[in-house]
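Spelled out from the first residue to the last, the chains are:
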Amino acid sequence: EHLKGCKHISKIILHECPLLENEALKELRYVSESLLFLQVSRCAEITEVGLLHLINLKKLRTLILFGLPYIKERVKILDTLTNDMKQCKVTFDE
């Protein structure tokens, strides 16, 4: 709930956050009305379950993902995110 009440956060970069877990991505709902850019990279604990929380970020325009070793089905999750977040450019490099 650290982001609760934040109304003007438009960009978040989560890079090399070894303790970041899936539930933390769910908390981004608190900035869903303002967040336009999100990068999640080299966060070793993130899985498909966490990335599915991002679908609720309806105003997001750019999502950059890479270096997520626990993502086992990269193509499948990329397709899901792309189809469910049509307003957003999603890139997922290995």
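Below is a summary of the structure that appears in this document.

What counts and how
- Residues numbered from 1 in each chain as written.
- Predicted model: local features only at pLDDT ≥ 70, side-chain atom pairs only at ≥ 80, totals over all residues.
- Heavy atoms only, no water.
- Helix = DSSP H or I, 4+ residues; strand = E, 2+ residues; numbered from the N terminus.
- Rg over C-alpha atoms; globule rule 2.2 N^0.38 Å.
- Buried < 20%, exposed > 50% of the residue type's maximum accessible area, 1.4 Å probe, protein only.
- Contact = heavy atoms within 4.5 Å.
- Pairing = 2+ DSSP bridges.
- Axes fitted to C-alpha atoms, helices over the stretch in contact; angles between N-to-C directions.

Bringing the overall build of the protein chain into the picture now. Assigned secondary structure in the protein chain consists of three helices and four strands. Each helix (α) and strand (β) of the protein chain, taken in turn from the N terminus, gives the series β-α-β-α-β-α-β. Relative to a compact globule of 94 residues, whose C-alpha radius of gyration would be 12 Å, the protein chain shows 12 Å and is just as compact. Its C-alpha atoms give the protein chain principal-axis dimensions of roughly 35 × 30 × 15 Å. Among the 94 residues that make up the protein chain, the fraction classed as buried is 38%. A separation threshold of at least 6 residues defines the contact pool for the protein chain, and within that pool the share at least 24 residues apart is 77%.

Okay, the pairing of strand β1 (residues 11-15) next. Side chains I12 and L14 of β1 all project onto a buried face; the interleaved residues K11, I13 and H15 project onto a face where none is buried. Where β1 lies against strand β2 (residues 37-41), five bridges are found, and the strand directions are parallel. Bridge pairing links I13 to Q39 in β2.

This next bit is on the sheet that holds β2. Strand-to-strand pairing in sheets goes through backbone hydrogen bonds, with the strands running parallel or antiparallel. Read from one edge of the open sheet, four strands run β1-β2-β3-β4, paired in parallel fashion. Each edge of the open sheet is held by one strand with a lone partner, namely β1 and β4 (89-93). Adjacent strand axes in the sheet meet at a mean angle of 5° when their direction is disregarded. With five bridges joining them, strand β3 (residues 62-66) and β4 adopt parallel strand pairing.

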